Amino acid sequence: MRFLLALALAVPGAPGGGDPYFPDQGNGGYDAGHYDLVLDYNPSSNALTGALTLTARSTQDLSAFDLDLVDTLAVRSVTVDGAAAAFSQKGQELVVTPAAALANGQDFTVAVRYDGKPTHVLDPDGSRDGWIRTSDGVFNANEPQGAMTWYPGNHHMTDKATYRFTVTVPDDRVAVANGDLTSKRSGGGRTTFVWDAREPMASYLTTVSIGKFQLTDAKIGNYRTIVAVDPKLAGKATAFAQRHAPILDYFSSLFGPYPFSSTGGIVDHEPNVGYALETQTRPIYPSVPGEGTLSHELAHQWFGDSVTPTRWKDIWLNEGFATYAEWLWLDRTGAKPLQTSFDTAYAQPADFWEMPPGDPGSGAAIFDDPVYDRGAMTLHVLRRTVGDAAFFTILRTWTSEHRYGNADTQAFVALSQRIAGRDLSALFTTWLYKPGKPAL
Ligand code: TRP
Ligand code: ZN
């Protein structure tokens, strides 16, 4: 009787995850556990057919809940625990009403069948994100909003989950995703690739990229290194796979063990995309990366991918850290002394100093230069203040305490103070939150 009464009071989950910069992103009322995503794609017509089976757990008595999916893709059917569920689509919200309400704490499975011709979204800063078509397939990068352009999910950075991607493409194409390639089979002119991403992942770090790639899979040093290279760039990318292990070894010595079961990258040829992205285990590049970009995206595997911010405002925890790691690698190889990187950044003109990196202000500014360069300078000043030993203990404790999780700037400040054994609030306030150029 009590049970029935409680369910009679079940209410719909929130349609958004509450991030002030992207309020509709994510949904309330449940936690995603595992995405089993089966895709069939035809690159010449851009026709995508998808079947998602998501296992999740409710976090309230739930009469209905949302998944994020753009309504240009048509949902054909939804089931919850095998029973047909009612659904509707509006904007980026797919609203699912199960035949019976779900009790708080209940494990459930939602299965969605959908199809259509996906397209990217335009971010507030004007860049493209999501399903970006290329001459031979798809450049698929999803930070901050793109995941909803190709599969339904709880697309909020705090709801990490494991994934399996089963992707079928014509025989002359390769589908490359996150994690480990666990099977590849061909028949009837089409090839199916299965990728297992067994460590928790935020959905903005997923990728299923498609092209006429040359795919290699080899143990190089300590790392299973899976690399996909656009044949147009093969001549320039002969060393690409080999370049990962030395960088990962160096970063492991500074930041703690590499967090994932494999590494590698996707080198696409897409001159119209102006950025690379740290897609988990396997960053995606629009051209062959230089040492700066390669080390930056690999550093993100610790800072951003394994340890992810709780909200977009804290994006300097990704970009400032990856930029500082890039400076460290360029110093290590002799390409550029660390102090030169700092001095060059510090010499930027007055308008650079207007935006404090800890508070970009809106989703349009999350990838602005101060988030990267002033974020990295903040870490350098912290290091100079607390000393090398405390500084690298802070970084290693950060990656171990929050491995596969989320954390915010406040947690980083608290950790720094705990390890340094002193108050650092003035340093962080000046460097992260106050407009204007800090004195040295
Ligand atoms: N996170 C990427 C990196 O620095 C950058 C990035 C993602 C980006 N999306 C963007 C930069 C859009 C500019 C515009 O590795
Ligand atoms: Zn970055």
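Before going into details, it helps to say that this report is about the structure given with it. (Residues numbered from 1 in each chain as written. Chains lettered and ligands numbered in written order. Predicted model: local features only at pLDDT ≥ 70, side-chain atom pairs only at ≥ 80, totals over all residues. Heavy atoms only, no water.)

**Some details on empty space enclosed by the protein**
What counts here: Put simply, the grid is 1 Å and covers the protein atoms alone, a cavity is a trapped set of points that fit a 1.4 Å probe, a pocket is an open set with protein on both sides within 12 Å along at least five of seven lines, and lining residues have an atom within 4 Å of a point. Grid points are joined across faces, edges and corners, and a volume is the space filled by probe spheres set on the points. Each helix is a run of H or I in the DSSP string that is no shorter than four residues. Each strand is a run of E no shorter than two, and both are numbered from the N terminus. Classes in brief: Ala, Val, Leu, Ile, Met, Phe, Trp, Tyr, Cys and Pro nonpolar; Asp, Glu, Lys and Arg charged; the others, Gly included, polar.
All chains considered together, the criterion is met by 1 cavity of 30 Å³ or more. In this model, the largest cavity occupies a volume close to 30 Å³. Residue lining of the largest cavity: Phe255, Phe303, Phe321, Tyr324, Ala325, Leu328, Leu379 and Leu395, and that is the complete set. Among the elements that make up the lining of the largest cavity, the one with the highest residue count is helix α4 (residues 316-332) (4 residues). Partitioning the lining of the largest cavity into residue classes produces 8 nonpolar, no polar and no charged.

**Quick look at the layout of surface pockets**
Roughly 290 Å³ of internal volume is contained in the largest pocket. Lining the largest pocket we find 18 residues, and of these Tyr275, Ala276, Glu297, Phe367 and Tyr372 sit closest to its centre. Elements supplying a minimum of two residues to the lining of the largest pocket: α3 (291-299) and α4. Top contributing element to the lining of the largest pocket by residue count: α3, with 3 residues. When its volume is computed, the second largest pocket comes out at roughly 160 Å³.

**Examining the nonpolar core**
Rules: As used in this record, nonpolar core signifies buried Ala, Val, Leu, Ile, Met, Phe, Trp, Tyr and Cys residues forming a set joined through side-chain atoms within 4.5 Å. Exposure categories follow from relative accessible area, calculated using a 1.4 Å probe and restricted to protein chains: below 20% of the type maximum is buried, above 50% is exposed, and the middle band is partly exposed. A contact between two residues is defined here by any heavy atoms of the two lying within 4.5 Å.
Of all hydrophobic cores here, the largest spans 135 residues; its most connected members are Phe165 and Phe412. Broken down by element, the residue count for this core peaks at 9 residues, all from α4. Once residues within four sequence positions are removed from consideration, Phe165 is found in contact with Leu37, Trp150, Ala177, Asn178, Phe193, Val194, Trp195, Met201, Thr206 and Val208.

**Let's talk about the packing of aromatic side chains**
For the record, the criterion: Each pair of aromatic rings taken from Phe, Tyr and Trp, with Trp reduced to its six-membered ring, is defined by centres within 6.5 Å and is described as stacked if the planes are under 30 degrees apart, edge-to-face if over 60, and tilted in the remaining cases. Our definition puts a charge over a ring when NZ of Lys or CZ of Arg is within 6 Å of the ring centre and also within 35 degrees of the ring normal.
Counted according to the given criterion, the structure contains 37 aromatic pairs. Summarising the aromatic geometry, the rings of Tyr35 and Tyr163 are spaced 4.5 Å apart at their centres and angled 5° between planes, so their arrangement reads as stacked. Placement of Tyr35 in strand β2 (residues 30-42) and of Tyr163 in strand β13 (residues 161-170) is noted, with a sequence separation of 128 residues between them. Each member of the pair Tyr35 and Tyr163 is classed as buried. Look at Phe352 and Trp353: their rings are 4.9 Å apart centre to centre, the planes differ by 85°, and that puts the pair in the edge-to-face class. Positioned above the aromatic ring of Tyr346 is the side chain of Lys437, whose terminal nitrogen or guanidinium carbon lies 4.1 Å from the ring centre.

**Some remarks on the side chain of Asp68**
We count it as follows: Positive: Lys, Arg. Negative: Asp, Glu. His and the chain ends are not part of the count. The working definition used for a salt bridge is a side-chain nitrogen of Lys or Arg within 4 Å of a carboxyl oxygen of Asp or Glu. As used in this structure description, the phrase polar contact means that two N or O atoms lie within 3.5 Å; if the pair is within protein, one of them must be able to donate a hydrogen and the other to accept it, and residues adjacent in sequence are counted only when both atoms belong to side chains.
Relative to the helices and strands, Asp68 is located in strand β4 (residues 62-68). Lys90 provides the closest opposite charge to the buried, unpaired Asp68, separated from it by 13 Å. At a separation of 3.5 Å, a polar atom in the side chain of Asp68 contacts the side chain of Asn27. A polar atom in the side chain of Asp68 sits 3.3 Å from the backbone nitrogen of His155.

**Thoughts on the pairing of strand β12 (residues 138-141)**
Here is the rule we go by: Strand pairing requires that DSSP identify at least two bridges connecting the strands.
In β12, alternate side chains face the same way, and those of Val138 and Asn140 on one face and Phe139 and Ala141 on the other are all buried. Hairpin connection between strand β11 (residues 128-133) and β12: a loop of 4 residues separates the two successive antiparallel strands.

**Quick word on the coordination of the zinc ion (ligand 2)**
Our working definition: Only N, O and S atoms count as donors, using a 2.8 Å cut-off from the metal and 3.2 Å for Na, K and Ca, and because water is excluded some sites may appear unfinished.
Only His296 (NE2), His300 (NE2) and Glu319 (OE) from the protein coordinate the zinc ion (ligand 2), and they sit 1.9 to 2.0 Å from it. Counting along the primary sequence, the residues that act as donors to the zinc ion (ligand 2) give the motif H-x3-H-x18-E. With His300 in the loop between α3 and β22 (307-309) and Glu319 in helix α4, the pair connects residues that are 19 residues apart, well separated along the chain. In this pair, the class of His300 matches that of Glu319, namely buried.

**Examining the site of ligand 1**
Which entries qualify depends on this criterion: A cutoff of 4 Å decides nearness: a residue is near a molecule or strand if any of its heavy atoms lies inside that distance of it. To measure how exposed things are, a 1.4 Å probe is used in the Shrake-Rupley method; for residues, cover is taken only from the protein chains shown. Molecule-in-pocket calls rest on the fraction of atoms, with more than half required to lie within 2 Å of the cavity or pocket grid points.
The full set close to ligand 1 counts 13 residues, and Glu143, Glu278, Glu297, Glu319 and Tyr372 are the nearest of them. Here Glu143 contributes a side-chain N or O atom positioned 2.7 Å from a nitrogen atom of ligand 1. The side chain of Glu297 places a nitrogen or oxygen atom 2.8 Å from an oxygen atom of ligand 1. Coverage of ligand 1 by the protein amounts to 88% of the 360 Å² it exposes when considered alone. Comparing atom positions with the cavity grids shows ligand 1 to sit within the largest pocket. Here the residues of the shell around ligand 1 are counted per class, giving 5 nonpolar, 3 polar and 5 charged.

**Observations concerning helix α6 (residues 369-386)**
Our working definition: Each helix should span, by expectation, one fewer than its residue count multiplied by 1.5 Å.
Relative to the 26 Å expected for 18 residues at 1.5 Å per residue, α6 spans 25 Å between its end C-alpha atoms, a close match to the ideal helical length. Buried residues dominate α6, accounting for 14 of its 18 residues.

**Notes on the packing of helix α8 (residues 409-420) against helix α9 (residues 425-433)**
Applicable threshold: Axis definition: a line fitted to C-alpha atoms, over the contacting stretch in the case of helices. Angles run 0 to 180 degrees between N-to-C directions. Left-handed describes a crossing in which the near helix is turned anticlockwise from the far one by less than a right angle; the clockwise case is right-handed.
Between α8 and α9, whose axes approach to 10 Å, the crossing angle comes to 145°. Where α8 crosses over α9, the two elements pack in a sense that is right-handed. Residues Thr409, Phe412, Val413, Ser416 and Gln417 of α8 form the contact with α9, whose own contacting residues are Ser425, Phe428, Leu432 and Tyr433. Residues of the contact of α8 with α9, tallied by class, amount to 5 nonpolar, 4 polar and no charged.

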